[in-house]
Each structure stands twice: as structure tokens, then as C-alpha cells.
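Structural overview
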Amino acid sequence: MSQPTSPEPDQPGRPDPADQPQLPARRRRPWPWIGAAAAVVVVAAVVVVATTAGGGSGDSQTVRIGVADASEPYWKTYTDLAKQRLNVTVKLVNFSDYSQPNPALKEKQLELNQFQHIQYLANYNVIARDDLQPIGATAVYPLPLYSLNHKSPSELPEGAKVAIPNDAINEARGLLVLQSAGLVTLKNGGTAFSSTSDILTKKVDVVTLDASQTAGALKSGSVAAAIVNNNYATSAGLPRSAAVFQDDPASQSAAPYVNLFVARAADKDNPTYLKLAELYHDATVEEGVQKSNGGSAVFRQVPPADLQSLLKTVQGQAVAAGK
């Protein structure tokens with residue numbers, strides 16, 4: 001992806017980069033979220049639609065689509081299908097700075113982006129006082145709990161140290177994973193914005209580390225288990241068999257981490273954009289996504305209205321958490 005410059009802080013309607021969360025990591029090239037979600041950290045590309053002169057329904061459109069990894073082969077499959085089936089020329093634009101694609105979309109430099117999950121989008125909308133809307137789901141990437149000496153969470157001894165990432169997005173999700181595994185309980189059942197201060201009861205001692213350090217802590221033996229994002233697990237050589245638990249992509253707690261196609265609110269019902277979001281689930285595109293992500297993607301197709309309702313709920317959680 002290209003390397004855009006960061007927006008200047010304190011510009012009206014644009015979030016201060018210092019307030020931007022980090023997206024959960026996936027098996028792709030490093031980026032600075034939510035993607036944000038939100039996704040969900042967790043690089044982006046953008047979509048602007050320009051109708052050719054004439055404006056008839058048969059006219060070709062050019063759409064610049066925002067993605068997190070434009071060099072991946074599955075995007076070539078996607079763009080070819082968009083031309084063949086929708087008569088849409090898709091142009092991908094990469095961003096290595098996750099703070100850029102949403103402001104660019106807000107300022108009408110783009111029409112769509114696809115790099116974040118609901119949690120990231122909710123946090124962005126609250127911080128930036130924006131109203132970007134999801135129009136299609138792509139996939140959830142489960143967040144694993146690894147252990148090298150125990151085969152299940154129940155085998156972890158009382159008071160064992162368990163590492164989770166310390167950035168806002170992955171800390172909350174990591175705690176939700178630990179709660180699902182029966183290792184902690186969280187205040188009010190936990191949300192996409194929970195922190196270690198929300199732990200009510202615990203079987204294990206939760207340690208927060210930089211996301212890049214959790215795998216190393218596990219391998220060194222300084223912790224008995226660790227939440228490790230997929231890209232760090234791969235680079236550390238953690239075997240997939242060492243993943244003793246992960247969140248259920250169909251569960252309510254994982255819902256905020258579904259990745260999205262996002263548009264401005266005024267364009268959330270645009271039929272071309274909706275079709276572009278649906279096109280991601282063509283079998284040939286999904287096959288390519290799995291190859292790029294080591295088979296870790298769990299595809300989700302959720303009606304846009306349901307995604308928008310969930311976004312409203314998660315934005316309420318962000319406000320309650322003081323974002």
C-alpha cells in the first residue's frame with residue numbers, strides 16, 4: 001500500500017491520529033486499528049465512483065475501492081469480476097496509515113473503503129463525530145489463545161499468567177476471549193471497549209503487553225498462555241495446534257469484529273455499492289482470501305440494516321466507555 005501522510009491534528013471533522021486505535025492484526029503486511037475495527041485492528045484502499053458522461057444505466061463506472069492489501073491476488077479476481085458482471089472499473093488505492101481512509105471517505109475523496117471492522121468504525125465515528133455506515137460484511141478473523149504447555153484453557157492453573165495485547169481494540173477483544181474461555185468474568189458481561197479494570201473475577205493473572213510481544217512472552221515461558229494476533233503468531237512460528245481456544249465468529253461477542261465495506265451515510269443504499277460489497281462473496285474471491293490469510297477467514301454475510309443497527313449499539317458502548 002502507498003504511504004500517505006497523517007492528517008494534521010485538530011482539523012475540524014478529522015480525528016487526531018493520537019486518538020486512533022489499532023486494528024487487530026491479520027496475516028498480511030504490517031500496518032500501523034481498526035479497523036479499527038473494528039475491527040478490527042488490524043492499511044486501506046478507497047473507492048470513488050465517477051459516472052461517465054451520459055449518465056445512463058448502461059454507462060460504465062470507475063470505482064476506487066479501499067482495501068487493506070491491494071497487492072493480494074484475490075483483489076485482481078475481484079476487479080475482473082466487477083468489470084465483467086457490473087460494468088464497474090475498480091481501482092484499488094492502498095493506505096499504510098489506518099487513520100487516513102475514513103477521513104478521506106468523509107471528504108468525498110472516496111466512495112467506499114474496506115479495511116476495518118465495526119468496532120473500529122464505531123470508535124472513529126464517535127471520535128470524529130462522523131456517520132459513516134457499513135453496507136456489507138466480509139469476514140471475521142478469530143482471535144486465538146495460545147499455550148505451549150496446556151491443551152485447553154481449563155488446564156491452566158489458578159493464578160497462571162496470561163498475556164493479552166495492551167492496545168484498546170485487542171485488549172477488549174482479548175478479555176472477551178478469556179471470558180468465553182471461562183478464565184475471567186467482566187463487568188456487565190463485557191463490551192468491545194472493556195479493559196482490565198472491568199475484570200470482576202479471574203482464574204488467571206492477566207498481563208497486558210504490546211501485541212508484538214505476546215508471542216515472545218509465551219515462547220520464553222514468562223506466561224502460560226497468550227492472546228496472539230495471527231500475523232505475530234505466524235512470524236513467531238507458533239504452531240496452529242498450540243491455539244487452545246478462539247472466539248466463536250458467530251457469537252455475539254465476536255460480532256463487532258466483522259470486517260466491512262463502508263460508505264458515507266448518504267450512499268448506504270447505493271445499488272452499485274451494495275453489489276460491490278456482495279461481490280466479495282463470490283466463491284473465487286473467497287478462495288483467494290483464504291489463500292492470503294492461511295485459511296483463517298470466517299466469511300459473514302449480514303444484511304446492511306443489521307450491520308448498521310449493530311454499529312449504533314457499539315457506538316453507544318464507545319460513548320459509555322468515554323471514547
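Residues numbered from 1 in each chain as written. Predicted model: local features only at pLDDT ≥ 70, side-chain atom pairs only at ≥ 80, totals over all residues. Heavy atoms only, no water.

Counting secondary structure elements, the chain contains nine helices and 16 strands. The buried share of the chain, taken over its 323 residues, is 55%. Total accessible area computed for the chain in this model is approximately 13100 Å², and 48% of it derives from carbon and sulfur atoms. (Helix = DSSP H or I, 4+ residues; strand = E, 2+ residues; numbered from the N terminus. Buried < 20%, exposed > 50% of the residue type's maximum accessible area, 1.4 Å probe, protein only. Areas by Shrake-Rupley, 256 points an atom, 1.4 Å probe, with all protein chains shown as cover.)

A word on the packing of helix α1 (residues 73-86) against helix α8 (residues 283-292). At a closest axis distance of 8 Å, the pairing of α1 and α8 adopts a crossing angle of 165°. The angle between α1 and α8 falls in the class roughly antiparallel. Between α1 and α8 the crossing geometry is left-handed. Within the contact between the two elements, α1 uses P73, Y74, T77, Y78 and L81 and α8 uses T284, V285, G288, V289 and S292. Grouping the constituent residues of the contact of α1 with α8 by class yields six nonpolar, four polar and no charged. (Axes fitted to C-alpha atoms, helices over the stretch in contact; angles between N-to-C directions. Parallel < 35°, antiparallel > 145°, perpendicular 65-115°, else oblique. Left-handed = near helix turned anticlockwise from the far one by under 90°. Contact = heavy atoms within 4.5 Å. Nonpolar A, V, L, I, M, F, W, Y, C, P; charged D, E, K, R; others polar.)

Let us now look at the environment of V314. By secondary structure assignment, the location of V314 is in helix α9 (residues 304-320). Between the C-alpha atoms of V314 and L121, which are 193 residues apart in sequence, the distance is 9.2 Å. Apart from the residues within four sequence positions on either side, V314 is in contact with I118, Q119, A122, A192, F193 and P256.

This brings us to the pattern of salt bridges. A pair can form between side chains of opposite charge whenever their charged atoms are brought close. Per the stated rule, a full pass over the model turns up eight salt bridges. K291 is the salt-bridge partner of E287, the closest N and O atoms lying 3.8 Å from each other. Taken together, the residues span about one helical turn, with E287 and K291 both in helix α8 at a distance of four residues. For K291, a relative accessible area of 66% translates into the label exposed. A cluster of three or more residues bridged by salt bridges with shared partners is formed by E111, R264 and D267. (Salt bridge = Lys/Arg side-chain N within 4 Å of Asp/Glu carboxyl O.)

Turning next to the confidence of the model for the chain. Taken as a whole, the chain shows an average pLDDT of 83; of its residues, 82% reach a score of 70 or greater. Per-residue pLDDT stays below 50 along residues 1-57; that stretch engages in 255 contacts with residues further than four places along the chain or on separate chains. (pLDDT = per-residue confidence, 0-100.)

Let us look at the pairing of strand β15 (residues 260-263). Side chains of β15 alternate between two faces, with L260 and V262 and F261 and A263 buried alike. Two strands pair when backbone bridges link them, and strand β5 (residues 112-113) and β15 are joined in this way by two bridges, in the antiparallel orientation. Note that in β15 the partner of L112 across the bridge is A263. Here strand β6 (residues 133-137) pairs with β15 via four bridges, running antiparallel. Looking at β15, one finds that Q133 is bridged to A263. (Pairing = 2+ DSSP bridges.)

A word on the nonpolar core. Grouped together as the largest cluster of nonpolar side chains are 44 residues, with contacts concentrated most on L145, L178 and V206. Sorting the residues of this core by element identifies α2 (101-106), α3 (118-128), β9 (161-165), α4 (168-180), β10 (184-186), β13 (225-227), β15 and α9 as the ones contributing at least two each. Top contributing element to this core by residue count: α3, with six residues. If we ignore the near neighbours within four places in the chain, the residues touching L145 are P153, V162, L178, L183, A225, A226, I227, A242, A243, V244 and F245. If you look at the next biggest cluster of nonpolar residues, it comprises 25 residues, including V88, V90, V285 and V289. (Core = buried A, V, L, I, M, F, W, Y, C linked by side-chain atoms within 4.5 Å.)

Moving on, we come to α3. In terms of burial, α3 is largely enclosed, as ten of its eleven residues are buried. Residues of α3 that are buried: I118, Q119, Y120, L121, A122, N123, Y124, N125, V126 and A128. Among the structural elements, α2, β6, α4, β15 and α9 are those in contact with the buried residues of α3. Where α3 ends, the next residue or the one after it, R129, has phi of about 55°, a positive value.

Comment: phi is negative for the bulk of residues other than glycine, and the bulk of peptide bonds are trans. The phi dihedral of N87 falls on the positive side, at around 55°, and the residue is not glycine. Along the chain, N87 turns up in the loop between α1 and β4 (88-93). The phi dihedral of R129 falls on the positive side, at around 55°, and the residue is not glycine. Examined against the element boundaries, R129 turns out to sit in the loop between α3 and β6.

Further remarks concern the packing of α1 against helix α7 (residues 271-279). Close contact between α1 and α7 brings their axes to 10 Å; oriented N to C, the two are set at 135°. Comparing their axes, α7 and α1 come out oblique. Seen from above, α1 lies across α7 with right-handed handedness. Across the interface between the two elements, Y78, L81, A82, R85 and L86 from α1 touch K275, L276, A277 and L279 from α7.

Let us look at α9. Taking 1.5 Å as the rise per residue, α9 with 17 residues should run 24 Å; its terminal C-alpha atoms sit 24 Å apart, in good agreement. What α9 keeps buried is the set L307, Q308, L311, V314, Q315 and A318. Projection of α9 onto a plane perpendicular to its axis shows the buried side chains occupying an angular sector of 125°, all on one side. Residues of α9 that are exposed and angled more than 90 degrees away from the buried face: A305, K312 and A320. Buried positions along α9 lie against α3, β6 and β15. (Expected span 1.5 Å × (residues − 1). Arc of directions from axis to C-beta.)

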